[in-house]
Number of protein chains: 2
Amino acid sequence: MAQRMIVIGGDAAGMAAASQARRRRGSGDLEIVAFERGHFTSYSACGIPYWISGLVPDRNQLIARDPTTFRNEFHVDVRLRHEVIGIDLDRREVVARDLTGGGEVRERFDTLMYATGATPVQPGWARTDARGVFGVQTLDDGAALREWLDADPAPRRAVVVGGGYIGVEMAEALIQRGLSVTLVERDEQPMATVDPDMAELVTGAMRGLGVQIRTGLAVTGLEQRDGQVSAVVTAEGPIPADLVVLGLGVRPNVGLAAAAGLPVGPSGAIRVDRRMRVPGFDDVWAAGDCVECLHRVSGLPVHIPLGTHANKQGRVAGINIGGGYATFAGVIGTAVTKVCDLEVGRTGLRERDAAAAGFEFVSVIAQSTNRAGYYPGSRPMTVKLIAEKPSGRLLGAQIVGWSEAAKRIDTLAVALWNEMTVDEMSALDLGYAPPYAPVWDPVLIAARKAVDALAATGR
Amino acid sequence: MAQRMIVIGGDAAGMAAASQARRRRGSGDLEIVAFERGHFTSYSACGIPYWISGLVPDRNQLIARDPTTFRNEFHVDVRLRHEVIGIDLDRREVVARDLTGGGEVRERFDTLMYATGATPVQPGWARTDARGVFGVQTLDDGAALREWLDADPAPRRAVVVGGGYIGVEMAEALIQRGLSVTLVERDEQPMATVDPDMAELVTGAMRGLGVQIRTGLAVTGLEQRDGQVSAVVTAEGPIPADLVVLGLGVRPNVGLAAAAGLPVGPSGAIRVDRRMRVPGFDDVWAAGDCVECLHRVSGLPVHIPLGTHANKQGRVAGINIGGGYATFAGVIGTAVTKVCDLEVGRTGLRERDAAAAGFEFVSVIAQSTNRAGYYPGSRPMTVKLIAEKPSGRLLGAQIVGWSEAAKRIDTLAVALWNEMTVDEMSALDLGYAPPYAPVWDPVLIAARKAVDALAATGR
């Protein structure tokens, strides 16, 4: 008789696991049932801001594989609008609520794949009945926001609360839709994923685009009128708003797992081993935005919700569930984003992470350009490197530039992954031609500067 | 009494050495004399095609540092239009001819820096008095070509002989100047720096731009009329030309060195040790397009004339001459170029190099895109990987794409530099956001495909 795999969560991690398990085990050997509480499977949540802005015209473009494809080609029994509300590990059953038809179903499993993702952080003040307040976590969130933008009268004043990736991207999207946009950030700088000196460049670019930025300011409430949001409340007074976007980050969605007794790690996400198995639970696997993983530089467990990790982890889990062998190698915190025309890349540790992890280090900032200075379209590029003292090992890197900048972080990410020192990096054979780099590549210039900074400390 | 350093060749390598030596030793300790047979110092030869096309309007933009800067800021006695015609290692003297004023000068040295660069390959048929035939090696060459383009009547039909980087870039530059351009290549494909399957993509793009490409065709002579070139002669008949550009590659300029008894290696270039010293000659150093260096993948000495290496090597020599310690780590053959809108990057070994070096390998080609498929401006990108069998170690990589493609070769170059296997590479934490990459980066897709190809060989 076929075994049964149950997948909780039908997005990147869960469906990557389902597909990989299916590639190795036919449906006579393994039944696969996937519960998804939303209306969609396997979509690009990262693409939602671009759909909101109109840059991506059609929502369906964001969907990598729809439920029909999973059903017909992968023989996965996808049950949309089904929210799993309980896991019984002793009886090997899950209970799911049918959000459309009502009622509950109870399903047996041999293998459980937990891929519930993350949920937006929602402080008490953000829980409201008022219309016009949105998260941007799911395609359903995006659809609700799009509808609100198309309402009559259309919203004119938007407040984005939180200056992380989503907040920054949404601020830009709403500017592009013609709204007046205020971004409110509790800390001194938005874009806390890079150090403050680099974040300042981003803030400048956003202001240039017309985004009002209020930093060091906490939102403490929402005002409403006639059932619609009318302002966000701050210590410096209310900021009028017809539309509020909450971009306060996400938390791993571990409620069900914790209730069932699965281990939650120090990052607040589910613990897994290198094969994406939950330690101590042989037939339970987890992947994606709900799990923690090893940061290869700090050696600490971290929770970094990102589609690229979710896909890799889901794939690893699925290969193992399918009887193969795969491990997830951990992360180094590489990320890229686009803020207006500004490109931002980061990898490894920020200064504060390096200090928190106990490293001694130097950091340098090098100014260069994306192309030879004389080549048309040459634009400034700023590269920051953080190197361990005295070893010179690269600990982190950040790039901010106006063109062809962000993906250069990959060069630094691979150097960091391989634990190169800045001295070794300064010898790297990188591509040179006038349309693509000055004769000393920005990465090499930064590495040399870091070597000098280390020498100046008398290491 | 001050020692004296003589530099032969005032371009990237020689002047980088001079500057670095000067940083560490004041002029009371070290006099520096630099002989340069041309009119310029430290310019970007790689930029010449863009000056020819008009993309870079002013020749002086290509000059990184002019002789006055070297004289005043670095206290280097730069003697332009002085061609060194003899080196006497026993008497520690060089003899230079003053190409402007006439006569010869004889100068003593304690330290000799040999940085004569490379000279264009010029077969017998290309030696001509006819006007309208040009190399594109020096800024003087470029100036002569610019003048010819501005003549009255202006040339209309150009033939570029040789399909390497310079040939391809010049073909594009001349098309942009409005000429009708034929590129003649003796081999089956231009762009022999990548494998034929990848070169085919380049050929297609050039044809799309209007360049006539004649492959498998050798030029055997030039025809002239009234002292001007009128056609190139081939086995398939003459090709009319008012302008001929010779892009047949370069040879290390080792005549003087060989005459003086300095060692020339198997690549035909001068042998140097890791510190850029000529082995067996304690006070003689060499760097740039005239030397050979270690290819880190094949382990063989190679001659790869490229501004980025010349700068690094000159810097290393100068640090050592200045009393410091530095080594040149070798090369892996990374290069990027732009052909029309097509971007080409390569690193490591091509298939033929890998075979010649005795490697067993698999190679794969992966099709992907530069951005998420749904993000505007998403364009195809082709990534080729060559991996050792059975180890999986990356031996070489090539990328061809229409946008934001070429510099991604650096990611692969750093992986290759660190001797990563394709299996390890498939786990890399690379930057993901819809404007910059699909959720599976093209590099990861290619690495996974190589892993599968290795598995299929039953390694």
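All values derive from a computational prediction rather than experimental measurement.

## Looking at the overall build of chain A
- Tallying secondary structure elements over chain A gives 12 helices and 25 strands in all.
- Over its C-alpha atoms chain A spans a radius of gyration of 23 Å, differing by no more than 12% from the 23 Å that the globule rule assigns to 459 residues.
- Seen through its C-alpha atoms, chain A measures out along the principal axes to roughly 65 × 55 × 40 Å.
- Burial status across chain A gives 54% buried among its 459 residues.

## Observations regarding the interface of chain A and chain B
- At the interface, 49 residues of chain A touch 49 residues of chain B.
- Ranked by the residues each element gives to the side of chain A that touches chain B, the list is headed by helix α10 (residues 409-417) of chain A, at 7 residues.
- The residue inventory of the side of chain A that touches chain B, partitioned by class, reads 31 nonpolar, 12 polar and 6 charged.

## Looking at the relation of the copies chain A and chain B
- Once turned by 180° and shifted 0.0 Å along the axis, chain A lies on chain B with an RMSD of 0.0 Å. Those values place the two copies in the arrangement expected of a two-fold rotation axis. Considering only C-alpha atoms, the part of chain A nearest the rotation axis is A:T411, at 2.2 Å.

## A closer look at helix α4 (residues 139-149) of chain B
- Along α4(B), the positions that sit buried rather than exposed are B:L139, B:G142, B:L145 and B:L149. Along the long axis of α4(B), the arc covered by the buried residues comes to 120°, so they all point the same way.

## Digging into the sheet that holds strand β5 (residues 93-98) of chain A
Residue and element names in this part refer to chain A.
- If you walk across this open sheet you meet the 3 strands as β4-β5-β6, and the pairing is antiparallel. At either end of the open sheet lies a strand with only one pairing partner, and these are β4 (82-88) and β6 (104-108). Adjacent strand axes in the sheet meet at a mean angle of 25° when their direction is disregarded.
- Pairing between β4 and β5: 6 bridges, direction antiparallel. In the strand pairing of β5, H82 is matched with D98.

## Some remarks on the pairing of strand β1 (residues 3-8) of chain A
Residue and element names in this part refer to chain A.
- Pairing between β1 and strand β2 (residues 30-36): 6 bridges, direction parallel. Bridge pairing in β2 places R4 opposite E31.
- You can see the chain leave β1, run along helix α1 (residues 12-24) and come back into β2, and the turn it takes is right-handed.
- The sheet contact formed by β1 and strand β7 (residues 111-114) spans 4 bridges and is parallel. Paired with M5 across the strands is T111, a residue of β7.

## Some points on the domain arrangement of chain A
Residues and elements named next belong to chain A.
- Once the domains are mapped, chain A shows domain 1 (3-42 + 54-118 + 251-321), domain 2 (122-248) and domain 3 (335-456).
- Computed from C-alpha coordinates alone, the two centres of domain 1 and domain 3 are separated by 36 Å.
- Each partner contributes residues to the interface: domain 1 has 5 residues there, and domain 3 has 8 residues.
- Grouping the amino acids of the side of domain 1 that touches domain 3 by side-chain chemistry returns 3 nonpolar, 1 polar and 1 charged.

## Let's talk about the environment of B:L183
All names here are of chain B.
- Inspection of the secondary structure puts L183 in strand β11 (residues 180-184).
- In this structure L183 comes out as buried when scored by C-beta crowding, with 27 C-beta atoms within 10 Å.
- Put simply, L183 and M170 are 13 residues apart on the chain and 9.5 Å apart in space, counted from C-alpha to C-alpha.
- With near-sequence residues (within four places) excluded, L183 lies in contact with V160, G163, G167, A171, P190, V211, Q212 and I213.

## Some words on the packing of α10(A) against helix α10 (residues 409-417) of chain B
- Two elements in contact, α10(A) and α10(B), have axes separated by 8 Å at closest approach and are oriented at 15°. The pairing of α10(A) with α10(B) is recorded here as roughly parallel in orientation. Our pair here, α10(A) against α10(B), has a crossing hand that is right-handed. Facing α10(A), whose interface residues are A:D410, A:T411, A:V414 and A:A415, α10(B) presents B:D410, B:T411, B:V414 and B:A415.
- When its residues are assigned to classes, the contact of α10(A) with α10(B) shows 4 nonpolar, 2 polar and 2 charged.

## Description of unusual backbone geometry
- Looking along the chain, the bond that leaves A:D152 and enters A:P153 is cis, with omega of 0°.
- Topologically, A:P153 is positioned in the loop between α4 (139-149) and β10 (157-161).
- Here the amide bond leading from B:K389 into B:P390 is cis, since omega sits at 5°, within 30 degrees of zero.
- With a phi close to 55°, A:R81 is a non-glycine residue in the positive phi region.
- Assignment of secondary structure puts A:R81 in the loop between β3 (76-80) and β4.

## Digging into the sheet that holds strand β18 (residues 284-286) of chain B
Residues and elements named next belong to chain B.
- The 5 strands lie next to each other as β3-β2-β1-β7-β18, forming an open sheet whose pairing is parallel. Pairing within the sheet leaves two strands with one partner each, and these edge strands are β3 (76-80) and β18. Within this sheet the neighbouring strands show an average axis-to-axis angle of 15°, counted without direction.
- Here strand β7 (residues 111-114) runs beside β18; their pairing, made up of 3 bridges, is parallel. Across the sheet, L112 pairs through a bridge with V284, a residue of β18.
- Packed onto the sheet, helix α1 (residues 12-24) meets β1 (3-8), β2 (30-36), β3, β7 and β18 and runs at close to 170° relative to β2.
- Of the strands in this sheet, β1, β7 and β18 are in contact with helix α8 (residues 307-321), which crosses β7 at around 175°.

## With respect to the environment of B:A21
Residues and elements named next belong to chain B.
- As for its position among the elements, A21 is in helix α1.
- Of the residues examined, A21 has 28 C-beta atoms within 10 Å and is grouped as buried.
- Once residues lying within four places of it in the same chain are set aside, the contact partners of A21 are M5, L30, I32, G318, I321 and G322.

## Let's talk about the confidence of the model for chain A
- Model confidence for chain A is summarised by a mean pLDDT of 95, while 100% of its residues fall at 70 or above.
- For this predicted complex, the interface confidence reaches an ipTM of 0.95, while the overall pTM sits at 0.95.

## Points about the packing of α1(A) against helix α8 (residues 307-321) of chain A
All names here are of chain A.
- Where α1 meets α8, the axes come as close as 7 Å, and the angle between the chain directions of the two elements is 30°. Considering their axes alone, α1 and α8 lie roughly parallel with respect to each other. Considering how the two elements wind past one another, α1 and α8 form a crossing that is right-handed. Across from A12, A13, G14, A16, A17, A18, S19, Q20 and A21 in α1, the residues of α8 making contact are G307, A310, N311, Q313, G314, R315, A317, G318, I319 and I321.
- Residue composition of the contact of α1 with α8, by class: 10 nonpolar, 8 polar and 1 charged.

## Side note on the environment of A:N311
- Position of A:N311 relative to the elements: it lies in helix α8.
- Distance from A:N311 to A:V78, taken between C-alpha atoms, is 18 Å for residues 233 residues apart in sequence.
- Discounting chain neighbours no more than four positions away, the residues touching A:N311 are A:A12, A:A16, B:V439 and B:W440.

What counts as what
Residues numbered from 1 in each chain as written. Chains lettered and ligands numbered in written order. Predicted model: local features only at pLDDT ≥ 70, side-chain atom pairs only at ≥ 80, totals over all residues. Helix = DSSP H or I, 4+ residues; strand = E, 2+ residues; numbered from the N terminus. Rg over C-alpha atoms; globule rule 2.2 N^0.38 Å. Buried ≥ 20, exposed ≤ 12 C-beta atoms within 10 Å, placed from the backbone. Contact = placed C-beta atoms within 7 Å. Nonpolar A, V, L, I, M, F, W, Y, C, P; charged D, E, K, R; others polar. Least-squares fit on C-alpha atoms with pLDDT ≥ 70 in both. Arc of directions from axis to C-beta. Pairing = 2+ DSSP bridges. Axes fitted to C-alpha atoms, helices over the stretch in contact; angles between N-to-C directions. Right-handed = clockwise from strand over helix to strand, strands pointing away. Domains from an automatic or database assignment. Parallel < 35°, antiparallel > 145°, perpendicular 65-115°, else oblique. Left-handed = near helix turned anticlockwise from the far one by under 90°. pLDDT = per-residue confidence, 0-100.

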